[in-house]
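So you can see what is in the structure, the chains are spelled out below.
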Amino acid sequence: MTTPRFHNFIDGQWVAGDASRPNVNPSDTNDIIGEYAQADEAQALAAIAAAESAAPAWAASTPQQRFDVLDAVGSELLARKDEIGRLLSREEGKTLPEGIGETVRAAMIFKFFAGEALRHGGEALPSVRPGVDVEITRHPVGVVSLITPWNFPIAIPAWKIAPALAFGNTVVHKPAELVPGCAWTLAEILSRTALPRGAFNLLMGPGSRVGATMVDAPAVRAISFTGSVATGRRLIAAAAARQAKVQAEMGGKNPLVVLDDADLGVAVNAAVQSAYFSTGQRCTASSRFIVTAGIHDAFVAAVADKLRTLKVDHALKAGTDIGPVVDARQLASNLAHIERAKGDGAELVFGGDVVERETPGFYQRPALFVNTTNAMAISREEVFGPVANVVRVADYDEALAVANDTEFGLSSGICTRSLKAAANFRRHAQAGMVMVNLPTAGVDYHVPFGGTKGSSHGPREQGAYAAEFYSTVKTSYVAAG
Ligand code: NAD
């Protein structure tokens, strides 16, 4: 059987790249999903030029036209959720229910922003001067570059593309090299909508070449990025140097505090869900369990018991709880973090080893460390895999201090029956998102998403707050006479 080939989408045309890259299933490396075009710098510049040419027409579109495009995309994603969810699980390795769930989420995001296109408005205020009217209106920013990571192959593209288009911008999207399949499918759906030619472009290819051009091109007025801290920091500096608008969502080292008075079942569920599901490859995954002494031993025993029951296997197999790690490089990185933690004196109470299954894939059992301190590398560096460690603390005050003792601030959780502790934690947790008696991962699609400190830069994504990044404000003064 010949391997299917997939092209870039530039100025309304499907265009081959100067090279292609195989999309490999991490559950079965013999399964090649397709050969995906790799754009070069000239193609990146052509896509940006196309988006620039299309900008006036799309900026002039009516809210109804924008609604119709976004609503149609949402409806098609919903109708094809099983097929696209399966593709997602095949290329990224999260389980099939997780893949379908993520596709539904992407559909809902398109539908939400279809509505936002209708609601998008400004303000009229009385002037402080007599006989003057003041009006604040919102306008598109122009061409936006959207650069996305591999761990949410359809939801993250959706939560950038949908608001960008809803607020009248034109788009160049570059997915991560490991997951071009879902992005290509989304581009194909967008290619059949009533968008003007060139209003949406897909560029697949390496970040160092395609991504860098999308950051540096003068015609690009805004860049939204989700990915690693190292890439994000470089990109923020490059965008700031030429005064382009920039928004970056980066890493996390999200704490989950468990207090003595917690419901043990709730705490164990929150911990296991957020640290290990989706193979721990979520920026909101909790990887530090901060546990007070009275519940520590029971919590550790219950988490380890639960981990023993979880099935690590092919993402598409019924009954799999945890799919493979995304690729060989990420697996090697996870194992290096595990070895480093052991070397630092942490005690591995469960998992962390590579396991073999029927198909060749990157299978790793979830790892749980105890006897760790918050100063160890395992408590400070993002692993981005199914690895978590427990830090034992004396009381709530120490738990809060340890939770906040990190360079990151994305999501922060607490399990407790105390209203006082929960309220105090909501107020003092240094994070963009706070969870009480819930996993740190798993968020709604209609409210803002993002972090503080080293995790995020720029305005929030998602919900009504997305308008802040994807539109710009004009204040008009009119002498009413
Ligand atoms: P990455 O930084 O390697 O890549 C992200 C994207 O940036 C890819 O599309 C890549 O091709 C591109 N890129 C790479 N170099 C570039 C450059 N010089 N210029 C422009 N673009 C470039 O990250 P990844 O490995 O794909 O994703 C994993 C990381 O993403 C993790 O660290 C995780 O925490 C983070 N993440 C954060 C969030 C969040 O919302 N905070 C969500 C998901 C993932």
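Below is a short write-up of the structure. Worth saying up front: this structure is predicted, and the values here are computed from it rather than measured.

Some words on the overall build of the protein chain
Okay, so step 1: Check the secondary structure of the protein chain and you find 15 helices and 21 strands.
Okay, so step 2: Scaling as 2.2 N^0.38, a compact globule of 481 residues should have a C-alpha radius of gyration of about 23 Å, and the protein chain matches this with 23 Å.
Okay, so step 3: For the protein chain, the spread of C-alpha atoms along the three principal axes comes to 70 × 70 × 40 Å.
Okay, so step 4: Here the protein chain holds 481 residues, and 57% of them are scored as buried.
Okay, so step 5: Restricting to contacts in the protein chain with at least 6 residues of sequence separation, those with at least 24 account for 72%.

Some thoughts on the packing of helix α2 (residues 63-79) against helix α4 (residues 96-119)
Okay, so step 1: Axis separation between α2 and α4 bottoms out at 8 Å; the angle between their running directions is 165°. Taken together, the axis directions place α2 and α4 in an arrangement best described as roughly antiparallel. You can see that α2 and α4 cross each other, and the crossing is left-handed. For the pair α2 and α4, the contacting residues are P63, Q64, R66, F67, L70, D71, V73, G74, S75, L77 and L78 in the first and T103, V104, A106, A107, M108, F110, K111, F113, A114, G115, A117 and L118 in the second.
Okay, so step 2: When the residues that make up the contact of α2 with α4 are grouped by side-chain class, the tally is 15 nonpolar, five polar and three charged.

Digging into the sheet that holds strand β13 (residues 254-258)
Sheet strands pair via backbone hydrogen bonds, and the direction of the pair is either parallel or antiparallel.
Okay, so step 1: With mixed pairing, seven strands are arranged side by side in an open sheet as β15-β16-β17-β14-β13-β18-β19. The open sheet terminates on both sides in strands that have one partner only, identified here as β15 (347-350) and β19 (433-436). Ignoring strand direction, the axes of neighbouring strands in this sheet form an average angle of 25°.
Okay, so step 2: In this fold helix α9 (residues 264-276) packs onto β13, β14 (286-292), β16 (367-372), β17 (387-393) and β18 (411-415), with an angle of close to 155° to the strand it touches most, β14.

So, the packing of aromatic side chains
Two numbers describe a pair of aromatic rings. These are the distance of the centres and the angle of the planes.
Okay, so step 1: The tally for this structure, following the rule as stated, stands at ten aromatic pairs.
Okay, so step 2: Ring geometry for W14 and W184: centres 5.2 Å apart, planes at 40°, overall tilted. Taken together, the residues W14 in strand β3 (residues 13-15) and W184 in helix α6 (residues 180-191) connect sequence positions 170 residues apart.
Okay, so step 3: Look at W184 and you get buried, because its relative accessible area is 18%.
Okay, so step 4: Aromatic side chains W150 and F384 sit 5.3 Å apart centroid to centroid with 75° between the ring planes, which places their arrangement in the edge-to-face category. Placement of W150 in the loop between β8 (143-147) and α5 (155-166) and of F384 in the loop between α12 (377-380) and β17 is noted, with a sequence separation of 234 residues between them. Across the pair, F384 and W150 agree in class, each one buried.
Okay, so step 5: Connected via pairs of aromatic rings, a cluster forms that spans F6, F9, W14, Y36 and W184.
Okay, so step 6: Sitting over the ring of F112, R119 keeps its end group 6.0 Å from the ring centre.

Some points on the site of the ligand
Okay, so step 1: Near the ligand lie 27 residues; those nearest to it are T148, E177, S228, M250 and C283.
Okay, so step 2: Within the backbone of G227, an N or O atom sits 3.2 Å from an oxygen atom of the ligand.
Okay, so step 3: Measuring from a nitrogen atom of the ligand, one finds a backbone N or O atom of M250 at 2.6 Å.
Okay, so step 4: The biggest single contributor to the shell around the ligand is helix α7 (residues 207-216), with three residues.
Okay, so step 5: For the shell around the ligand, a count of residues per class yields 14 nonpolar, nine polar and four charged.
Okay, so step 6: Residue-level mapping places the shell around the ligand at the junction of two domains, with at least three residues from each of domain 1 (5-250 + 455-479) and domain 2 (254-436).

Structural notes on the environment of H446
Okay, so step 1: Counting through the fold element by element, H446 comes out in the loop between β19 and β20 (456-457).
Okay, so step 2: Judged by its relative accessible area of 39%, H446 is partly exposed.
Okay, so step 3: With 31 residues separating them in the primary sequence, H446 and Y477 have C-alpha atoms 33 Å apart.
Okay, so step 4: Filtering out sequence-adjacent residues up to four positions away, H446 remains in contact with F112, G463 and A464.

Description of the sheet that holds strand β6 (residues 123-126)
Okay, so step 1: An order of β6-β7-β21 is seen for the three strands of this open sheet, with the pairing classed as antiparallel. Taken across any chain shown, the strands that pair with only one partner, and hence form the sheet edges, are β6 and β21 (471-479). Across the sheet, the mean angle from the axis of one strand to that of its neighbour is 20°, orientation sign disregarded.
Okay, so step 2: Looking at chain direction, β6 and strand β7 (residues 132-140) are connected through four bridges and run antiparallel. Looking at β7, one finds that E123 is bridged to I136.

What counts, and where the lines are drawn
- Residues numbered from 1 in each chain as written.
- Predicted model: local features only at pLDDT ≥ 70, side-chain atom pairs only at ≥ 80, totals over all residues.
- Heavy atoms only, no water.
- Helix = DSSP H or I, 4+ residues; strand = E, 2+ residues; numbered from the N terminus.
- Rg over C-alpha atoms; globule rule 2.2 N^0.38 Å.
- Buried < 20%, exposed > 50% of the residue type's maximum accessible area, 1.4 Å probe, protein only.
- Contact = heavy atoms within 4.5 Å.
- Axes fitted to C-alpha atoms, helices over the stretch in contact; angles between N-to-C directions.
- Parallel < 35°, antiparallel > 145°, perpendicular 65-115°, else oblique.
- Left-handed = near helix turned anticlockwise from the far one by under 90°.
- Nonpolar A, V, L, I, M, F, W, Y, C, P; charged D, E, K, R; others polar.
- Pairing = 2+ DSSP bridges.
- Phe/Tyr/Trp six-rings, centres within 6.5 Å; stacked < 30°, edge-to-face > 60°.
- Lys NZ or Arg CZ within 6 Å of the ring centre and 35° of its normal.
- Near = heavy atom within 4 Å.
- Polar contact = N/O pair within 3.5 Å; in protein donor to acceptor, adjacent residues only side chain to side chain.
- Domains from an automatic or database assignment.

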